[in-house]
Every structure is written in structure tokens, then in C-alpha cells.
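A look at the structure
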Amino acid sequence: MNTTPVRLQALPNPLPRPEGEEQQLLQVWQRPKGWRAITVVNNTHIGLLYIGTAFLFFLLAGMLAILMRTQLAVAENSLIGHELYNQLFTMHGTVMMFLFAVPAVEAIAMLLLPNMLGARDLPFPRLSAYAYWAYALGGLVFFCSLFFGLAPEGGWFMYPPLTSSTYSPELNADLWLLGIGFIEISAIAGAIELAIGILRTRAPGMTLDKMPIFAWVMLVFSGMVIIAFPAVIVATALLELERAFGMPFFIADKGGDPLLWQHLFWFFGHPEVYIIFLPGAGMVSMIIPAMAGVRLAGYRLIALAVVATGFLSFGLWVHHMYATGIAPLSLSFASAASMAVSIPTGIQIFAWIATIAAAVRLRPLKVPMLFILGFFFIFVLGGLTGVMVAVIPFDLQTHDTYFIVAHLHYVLFGGMVFPLFAAFYYWTPFVSTHALSERLGRWTFWLMFTGFNVSFFPMHFTGLAGMPRRVYTYTATSGWEFLNMVSTAGSYMIAASVLIFLYDLARNFRPNNQKNAGNIWQAGTLEWLPTESYGLRSIPWINSREPLWDQPNLSADVKAGRYYLPNAPTGRRSTIVTSAVEAVPQYLLELPGPGWTPFMAAFGTAGFFLLLTFKLELLVGACGVLALIMIWRWLWAADMSTEQQRLDIGGGIRLPLSCTGSVSHSWWAMIMLVMVCGSIFSSLSFAYLFLWTTSPDMWLQAAHLPARTFPLASACLFIASSLMMAWSGRNLSHRRYWPLRLGLVLSLVMLSTAVALEAYGHWQSGLRPDDSAYAASVYALAGLQGVLTTVMAYMGVFTLARSLAGKLTPARRACYDNTMVLWHYTVAQGLLALGLVHGFPHMTG
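In what follows, the accompanying structure is described. (Residues numbered from 1 in each chain as written. Predicted model: local features only at pLDDT ≥ 70, side-chain atom pairs only at ≥ 80, totals over all residues. Heavy atoms only, no water.)

1. Some details on the overall build of the protein
Defined as follows: Secondary structure counts use DSSP, requiring at least four H or I residues in a row for a helix and at least two E residues in a row for a strand, with both numbered from the N terminus. Based on C-alpha atoms, the radius of gyration is set beside the globule rule, defined as 2.2 Å times the residue count to the power 0.38. Residue exposure (1.4 Å probe, protein chains only): buried if accessible area is under 20% of the type maximum, exposed if over 50%, otherwise partly exposed. The accessible surface values rely on the Shrake-Rupley method and a 1.4 Å probe; as for residues, cover is taken only from the protein chains in view. For the purpose of counting charges, residues Lys and Arg are taken to be positive, whereas Asp and Glu are taken to be negative. His and the chain ends are not included. Lys charges are placed at NZ, Arg charges at CZ, Asp charges at CG and Glu charges at CD.
Counting its regular elements, the protein contains 24 helices and six strands. For a compact globule of 845 residues, the expected C-alpha radius of gyration is about 28 Å, and the protein comes in at 27 Å, within 12% of that figure. For the C-alpha atoms alone, the extent of the protein along its principal axes is close to 80 × 75 × 50 Å. Residues classed as buried in the protein amount to 60% of the 845 residues present. When the accessible surface of the protein is summed, it comes to about 31,600 Å², and 69% of that surface belongs to carbon and sulfur atoms. Here the protein contributes 45 positive and 39 negative side-chain charges, whose respective centroids are spaced 13 Å apart.

2. Details of the pattern of salt bridges
Definition in use: A carboxyl oxygen of Asp or Glu within 4 Å of a side-chain nitrogen of Lys or Arg is what we treat as a salt bridge.
On inspection of all chains with the given rule, the structure shows 12 salt bridges. Where arginine 295 meets aspartate 550, a salt bridge forms, and the shortest distance between an N and an O atom there is 2.6 Å. Of this pair, arginine 295 sits in the loop between helix 7 (259–292) and helix 8 (299–312) while aspartate 550 sits in helix 16 (residues 547–550), and the two are 255 residues apart along the sequence. Using a relative accessible area of 43% as the deciding quantity, one classes arginine 295 as partly exposed. Via salt bridges that share partners, Glu21, Glu22 and Arg537 belong to a single interconnected network.

3. Observations concerning empty space enclosed by the protein
Defined as follows: Put simply, the grid is 1 Å and covers the protein atoms alone, a cavity is a trapped set of points that fit a 1.4 Å probe, a pocket is an open set with protein on both sides within 12 Å along at least five of seven lines, and lining residues have an atom within 4 Å of a point. Grid points are joined across faces, edges and corners, and a volume is the space filled by probe spheres set on the points. In this classification, the charged set is Asp, Glu, Lys and Arg, the nonpolar set is Ala, Val, Leu, Ile, Met, Phe, Trp, Tyr, Cys and Pro, and all remaining amino acids, among them Gly, are polar.
Counted by the stated rule, this structure contains eight cavities of 30 Å³ or more. In this structure, the largest cavity spans a volume of roughly 170 Å³. Taken together, 16 residues line the largest cavity, and the ones lying closest to its centre are Ser285, Met286, Pro289, Thr525 and Glu546. Counting residues per element, the lining of the largest cavity draws most heavily on helix 7, at four residues. The residue makeup of the lining of the largest cavity, split by class, is 11 nonpolar, three polar and two charged.

4. Topic: the packing of helix 4 (residues 125–144) against helix 5 (residues 172–200)
This is how it is decided: An axis is simply a line fitted to the C-alpha atoms; with a helix, the fit covers only the stretch in contact. Between two such axes, the angle follows the N-to-C directions and lies from 0 to 180 degrees. Angle categories: roughly parallel below 35 degrees, roughly antiparallel above 145, roughly perpendicular from 65 to 115, and oblique for all the rest. A clockwise turn of the near helix away from the far one marks a right-handed crossing, whereas an anticlockwise turn of less than a right angle marks a left-handed crossing. The contact rule is simple, with two residues in contact once any of their heavy atoms fall within 4.5 Å.
Two elements in contact, helix 4 and helix 5, have axes whose closest approach is 9 Å; the angle formed by their N-to-C orientations is 160°. Taken together, helix 4 and helix 5 sit at an angle that is classed as roughly antiparallel. For the element pair helix 4 and helix 5, the recorded crossing hand is left-handed. Where helix 4 approaches helix 5, its residues Pro125, Leu127, Ser128, Ala131, Ala134, Tyr135, Gly138, Gly139 and Phe142 are matched on the opposing element by Leu175, Trp176, Ile180, Phe182, Ile183, Ser186, Ala189, Gly190 and Glu193.

5. Side note on a nonpolar patch on the surface
Rule in force here: Here, patches come from residues exposed beyond 30% relative accessible area and free of salt bridges, joined within 9 Å for like charges and within 5 Å for nonpolar side chains (Val, Leu, Ile, Met, Phe, Trp, Tyr).
A cluster of nonpolar side chains, Leu171, Phe614, Leu616 and Leu619, forms an exposed patch at the surface whose accessible area comes to about 320 Å². Inspection of the secondary structure puts leucine 171 in the loop between helix 4 and helix 5. Using a relative accessible area of 30% as the deciding quantity, one classes leucine 171 as partly exposed.

6. Things to note about helix 24 (residues 814–844)
The α-helix winds at 3.6 residues per turn, so residues separated by three or four positions along the chain end up facing the same way. Definition in use: One less than the number of residues in a helix, times 1.5 Å, gives the span that helix is expected to have. To obtain the bend at a residue, axes are fitted to the seven residues ending there and to the seven starting there, and the angle between these axes is taken.
The end-to-end C-alpha separation of helix 24 is 44 Å, in line with the 45 Å expected for 31 residues at 1.5 Å each. The sharpest bend along helix 24 reaches about 35° and sits at histidine 838, with the proline proline 841 one to four residues further on.

7. Description of the packing of aromatic side chains
Which entries qualify depends on this criterion: Centre distance within 6.5 Å is the pairing criterion for rings of Phe, Tyr and Trp, where only the six-membered ring of Trp is used; planes under 30 degrees apart are then read as stacked, over 60 as edge-to-face, and the remainder as tilted.
What the rule picks out here adds up to 76 aromatic pairs. With centroids separated by 4.8 Å and ring planes inclined at 40°, the aromatic side chains of phenylalanine 58 and phenylalanine 100 adopt a geometry described as tilted. Taken together, the positions of phenylalanine 58 in helix 2 (residues 43–72) and phenylalanine 100 in helix 3 (residues 82–117) put the pair 42 residues apart, joining distant regions of the chain. One exposure class covers both phenylalanine 58 and phenylalanine 100, and it is buried. Both rings, one in phenylalanine 418 and one in phenylalanine 452, keep their centres 6.4 Å apart while their planes meet at 80°; by these two values the pair is edge-to-face.

As C-alpha cells, then:
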């Protein structure tokens, strides 16, 4: 399709807009009422629901912390028994890390980014709704396990062999493994949505170097989630396969190794620290310029520092494994990386200080700035102790003591919660008719700041005095009682600060994006433009990073509809898709309205994973079918455009209503899904190779592998399947629909046969999944290929159905293009897996 760059109009159209356009927008973007309110899909409402649910989990995890601190206030306390205490600290860590921290920053991004970028909504509203409902339903069911004695008790990190079926035979561990693995899938879905929104739905003229720094941060955040989170999904899957089917990935007697879990978990876990911190830093970078009334110092350096932090964070996971017996040379690399990551963080901190120092006249300290100053103090202390534990001899002395508990909370609470509360006070006027109270905000800050330091600073000394983590009581002769009592008193101060904040919310928070309090901070970024239920009245042309400061009358011109897309040209919701680098308009994207399919799909998906825990096969199957049907329905209605239609968006620009190939936003999303799949395969390949290094005697010699006929036949079928898909694409381009359909069917048959042959070859040779870690790894790789093939069967049948319904044409081929991208990846992964399983033993032996 022709996507020749258009000439942007630098000045708003001075002519008045026709009457009725704004009323049309209000009608198209109207929020459903009553029970249908849960069918809402646009970012403003989903973002608020997301934030509210994440904050609920913060409160619930905080209550668990209060119970734990009360138990530890005095020695030999009998308030809570050891089993319940284990469940409490496991649930506290799990809820804070998986159900609060990452979802909270994703939620704020979903709420703010479309307005920051000058878009009407994110490009996949139903995906946002699906990700939210999957998270909310799954998370609430998971938390309620605490009330039925089913909560996990192996720690939020769930180390085997403690969590193996031998030592944890109950369902508690299964609920964690299946529930958390599923919730991480929803986090990945949200990350893909955010990344595509940032890259492809920016306002015309907003080039990459004009993006708000928060957009840069969330782009890096999304990339880190896409790469890191699959590792924990693989880890949870492997442990569940071991528990359910006896596949010995972590059983040493059969060639497994418990350290495999730690490698996979911390490859996710340490980047997650920066996944949590970077959005908080991005909020700080947005708030400080508004509070100081000057531009952010070192914008490009901060953007570079954010990217560098994301890159370096993936070299730090061994930082958590100094005491596991890893070779000293490997530890030295991890130690160096742990220190190096402080450099980009220091760049950001000095840039913030420079921004404050550049203020011509210091403004009175407002509550958001107080929380930022608190963040400076607490996070820098956490960073200093981080450098201390990066030193291997020191870490060996403090490992698994309360010193680590203190360090962890100074980094995470200081680096994320304080910026989050600053964001609550700063952006509340964006969505509420009233700002939050300055007086109550100051009480909240000082109680939280004082309480946090009173609670966690003494833990450094408690840890140095020898108190281990995760103990439910201690003796009176240990000398830890006074410090624990002080820490408990501080935790109650934190709780009091949160109660005051909740009172402030109840008193002043009145969500209404049509009549919000407005730009009370005189900030310069686009989210402070006047908005309605549809977002911006018109999408402006941007020529700077602070358009509200640099473009006079921008607010009035946007509100009067003098820029792009001042109406609903298709009678449906829509936004402009722009090029990734220069933000040149490329096509108009129709957006879906409210619907039940995302909610029902999320309900089915949550039911499928959670009911697997209880082995209720019929209900599991019913939930799985429900999810597949609902996803089918929402995808079927995704392509609403007609062929070759071009519409006027204002400024003399006419854009097509659809696009295909690499210009399409859905193609970009598919590439990111391929990255997720690649990360999953890389993690599983790492598991295969790691287990070979620890138990090479368990690996089959080349002479004992299945006959070469099987892998060679599989490889030929894989390649033929990919070639057949390419041939089908050419038939589609020439409108030869029956050859296209035949090609789809043959491609699917060949792909399925290739996977079946590989699995049959191993089975026929006598290899069984529970024989050894080698056998388990081989079948895990084949199983992953089988899962992808099942997905391709679903997508292939869907594409075939679109063709039979007349909805697949050369101009409306996004469905086929997306299927082909993942198909070719599936084939490439299959060939690599064959090379690993059949070629690697020949190379080594």
C-alpha cells in the first residue's frame, strides 16, 4: 500500500470546525453504564481500574507485612505459627513483586501515555482490557488462597527442592506456579501494547527525540518485560512439569540441578528490579521540570542512561547467587556489572539535581516534590548498600540476613513507591475534578518517610548482628528484640500514612476526565491538554518536547478542533498511526468500542490456568474453549475497514483506513510476540545446555540417538511448510484464493507432521520424559514446538476461515501477514531445536 510521507501542517487551521463534530466524538466514545461498564476498553477507564486494583494488592500485601512485623516485635512470640508465617511472607513478596509493582507502573502508563503522546487510545484496546481482567481475576483468586490454607509457603522465589513434590506435596506450590506463570503472560501482553503505542501512535511531528522521557522509559520497560519475563514462565513450567509428571529438571539423582531454577528465576528477577525502578525514575523526570518550571537537564543523557540500565540489568542475575558455589571468575563478572549499573543511575540523579538547580526561582515545595526528595534520600542509601553487597566477601557474610531485607526495601520501596505516591499527587488533577490535599499529603509523606526509615534502617544492624531472613521467631538471648520492636513501630507509622492517603482519596478524588482540575502545575507536556471521554479534541502537530510551553494557544487550538482528526470520520473510534522514528502519519486506525469478548476471554484464560491446579479436567477444558471462542470473536471483528478507502484527517491530509506488511501496527506486534517466543526458546535451550554441563554423563551419546531419518524428515517438512506458506502469500497477491487455501492446509499438515515425527522418534527409541534430566529437556523442547504448532493451527484455521468468508484480500491481508511471520519463526525454531537435540551430541562426543 502507498504510504508516501505526507507534508505536515505546522500551524493550526484557523477556520471554525463544522457544528456537531464534538457531539459525534462524545457519542462514539461514550462509556457504557450499568453492568456493561465492565465491557469498557479505552485507556482512561482501563488505566484507572488497573491502578485501583494494583493499589488494592499493595494494601493487602501491606496488611500481611504488618502481621509479620507484629509477630517479630518481641522474642518467642506465639501470635502466628511457623506454617502461617511462611505463607504470609511468601504471599507478601509475591503480591508486592508480581501483583503490585509491575502492574502498577503498567497501569499508570496505560492511563497517561495516550495523552502524553497525543493519541486517542492505545492501538489494541481489547488487549489492554484482556490483560487487565486476566490480572485482576487471576490475582484475586490467587490471594484468596490464603484464606483456605492453599497459599504457597516456599518464599516468593519458590526455590526447589523445597518446592518439589517430595517436600511440598500439597497444591499450594502448584497454585503459585500456574497462577504466577499466567499473570506474567498478562504483563507481557500489556508490555507489547505499550511498546506499539509508543512507537506507532505518537502525534505527528513527535520524533523519537521529542518524546516525553516517560515514554522512553516505558519503551525500555516493555523491551525488558518481553525479554526477561519469559524466563520465569519457563522456570514455572519446568517445575510444574516435574511436580505433575516427574520430569526431573531439578532432581540431582537423575541429572537435574536445583541451580537451574535460580539461573532462570534471577535472569528474570534482577532485571525486574530495574523494570520496577525505571518507571519510577521516568515519573521523577516528568515531575521535576514541572515543579521547577524549567526543562529537564540532560534529556539525551537520561534517555541513554535508561537504555544502558536496561542493557546492563541482564548481566546481574548471578548477583543473587554468590553463595551457590559458582566459579570465582563468573562471580567477578557479575560483581563488576553490579557496580557498573550504578553509573547510568548516577547520570539520572545528577541530571535531576541539575534541573532543580537551574530553576530561576525556587517554588514552594509541593507534596509531589517532597516524595521525590524522599526518593532521593532512600534510593541513594539503597544504591550504596547495593554496591556493598556487590562485593563478594561482604555478600557472603550478609547473604540471607536482614541486611538484605533492608537493602531490598530501600531499593524497591524507595525507588518505586515514593515516586508512585509523587505521581498520585501530581497526576490526580489529570483525572479528577479536585487535586489531593496538600495538608494531608504532607502528613502522608512525613509519616511514610519517617516510618520507612524507622522500620528498615535498623534492619541493617539486625542483619549484621546475625538475624536470618524468613524466621518466624527468635530467642530472647539473641539480642535482636529491641531492633525488631523499633522496626515494628516504624511499620505501623507506614500503615498510618497509607490510611491518611486513603482518607485523602475518599475526600478529594472524583474521577472525571471531562471536567478535571486541569494543569495546576503549569507543566509543558501533552497530557495536560483539555480532554474529554475521547481524549484530545484534535491531535496536534508537535515541534518540541514541552509543546505547552513552546506552542502558544495550543490548548485553545486543540480544543477548537483545529488540528488533525477533529471528528470521527468513520463513525467509529479511531486514532492516527505514525511512523516509528519521524512520526509521519501513515494511516488511520479504527479502534473497537466496548465489548464482552476481552472480559470473557480473560475469565476463560484465568479459569483454565487456575483450575489446572485442582485437576478439574472438564472445567479446565470448558474454560479453555471459552477463551479460544472469545479471542476468535474479537479477532474476527478486528479488521473493520473497506478496501482502498482514504479519509480526510485535516490539514489537507488523506490517509488510508488500513495498511499491510511491515507498515501495519499489528505486524510490529507480531514481531514483538516473536521476541517473546525467542526468549522462551532461549531459556529452554539454556536449561538443556546447563543441565548438560552439570551432568554430562546423563546425556545420550550420538550413537544412541534416534535414527537420523526422523530429524531429517522433520527438517524437510519444516522447510517445506515455510515454503508453502510463502507460495500461499503469492497466491493471495494474485487473488488466487483456492490455491491459497490449499497451501494453508498443506502447510499446517506438514508443520504438525514434523513435530509429531520428532516426538515419535524419541519415544520409539525408548526414551521417556521421566528417565533423566536429558530426557525431560528433550521432551520439553519438543513440547514447546508442539505448543507453537497448536497456536499456528489456530491461526491457520482462522486465516482460512477469513478467506472463505471473503475477508482476506490483497488489500486486507494483515491476518495472513501476521500468521506468516509467526509461522516462519516456528519453522526456524523447530530447525534450531533439531540442531540442538541431534547435532549437539555429535559435536560433543
